[in-house]
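Each chain, written out:
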Amino acid sequence: MEVISNNQRVMAALDVQGREEALAIARALQGSGCWLKVGLELYAYTGPAMIHELKALGFPIFLDLKLHDIPTTVERAIRGFVQCGVDMINVHCSGGYDMMARAASAVQEEGSKLGSVPKVIGVTVLTSMSEDQFRLEMGVQRNLREHVVELAKLAEKAGLDGVVASAREAKDIRKNTKANFLIVTPGIRPAWSDAQDQARVLTPTEALAAGSSYLVIGRPITRSEDPRQALERLWE
Ligand code: C5P
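This part is about the environment of Gly 95. Relative to the helices and strands, Gly 95 is located in the loop between strand E4 (88-92) and helix H5 (97-114). Gly 95 gets classed as partly exposed once you look at its relative accessible area, which sits at 27%. Distance in space between the C-alpha atoms of Gly 95 and Ala 167 is 22 Å, their sequence separation being 72 residues.

Here is the structure:
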């Protein structure tokens with residue numbers, strides 16, 4: 001099995017609105033081995049051109065748009081994103097088995113044409129949702145943790161490569177899915193940084209120990225005066 005470095009497990013979340021701001025952070029991180037995550041905010045302001053520019057700097061890219069629509073629409077949109085050259089993309093597991101399966105096969109087919117197949121992962125339950133909201137607003141009867149694990153199993157069955165989930169659920173997901181199933185976890189804070197609006201945080205080392213495959217880390221890196229140094233200090 002390929003051995004990957006800690007930096008290669010970090011996805012720096014470029015939650016900024018401007019092209020220049022995004023490129024400045026990217027240049028500071030160039031050569032470190034980390035991924036860049038482009039989410040809705042940056043994508044809204046810069047579009048696919050940003051993906052091409054960041055790819056040209058040598059980064060693997062996780063395009064975090066959390067697609068959720070009928071299977072045909074997701075399938076057709078995802079083909080376009082694969083053509084942009086992204087290395088990972090995601091859909092909501094709550095879109096259902098068929099949607100996930102169609103997304104997975106479209107990524108496989110489109111990626112094969114380009115000679116590189118991106119990973120496609122599922123969003124289980126947004127970590128911004130509390131247990132109460134989940135029960136009262138969504139009306140789901142099983143508890144949140146069980147629901148997350150069931151969605152992860154469904155995602156695996158549908159052919160997805162992994163899920164996005166809180167590191168708190170990583171252990172349960174690990175126990176219930178195949179060994180190479182990817183678990184991508186946000187809500188990570190090194191001991192030296194502020195929690196900001198993340199409520200339940202784990203350190204990078206704790207998250208890896210809990211079974212995370214990739215750590216999504218935004219502000220501790222991107223708001224630092226020296227993003228590269230912040231990246232290297234994650235493991236202190
Ligand atoms: O700055 P911070 O490290 O909190 O950024 C975390 C990133 O992970 C943001 O892009 C945020 O949207 C994303 N994210 C999250 N919690 C989730 C899913 C995504 O914080 N459940």
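Core analysis: the biggest nonpolar cluster contains 66 residues, and Leu 29, Leu 36, Leu 54, Leu 63, Ile 78, Val 91 and Ile 173 have the highest contact counts within it. Ranked by size, the runner-up nonpolar core spans twelve residues in total, among them Ala 13, Phe 62, Ile 121 and Tyr 214.

Further remarks concern the packing of aromatic side chains. Applying the stated criterion to the full structure yields two aromatic pairs. Plain terms: the ring middles of Trp 35 and Tyr 214 are 5.3 Å apart, the flat faces sit at 65° to each other, and that makes the pair edge-to-face. Of the two residues, Trp 35 is situated in strand E2 (residues 35-39) and Tyr 214 in strand E8 (residues 214-217); the sequence distance between them amounts to 179 residues. Here Tyr 43 and Phe 81 contribute two aromatic rings whose centre-to-centre distance is 6.0 Å and whose plane-to-plane angle is 70°, an arrangement assigned as edge-to-face. Placement of Tyr 43 in helix H2 (residues 40-46) and of Phe 81 in helix H4 (residues 71-83) is noted, with a sequence separation of 38 residues between them. In this structure Tyr 43 comes out as buried when scored by relative accessible area, which is 18%.

Calculation rules
Residues numbered from 1 in each chain as written. Predicted model: local features only at pLDDT ≥ 70, side-chain atom pairs only at ≥ 80, totals over all residues. Heavy atoms only, no water. Helix = DSSP H or I, 4+ residues; strand = E, 2+ residues; numbered from the N terminus. Buried < 20%, exposed > 50% of the residue type's maximum accessible area, 1.4 Å probe, protein only. Core = buried A, V, L, I, M, F, W, Y, C linked by side-chain atoms within 4.5 Å. Phe/Tyr/Trp six-rings, centres within 6.5 Å; stacked < 30°, edge-to-face > 60°.

The values are spatial; any link to function lies outside them.
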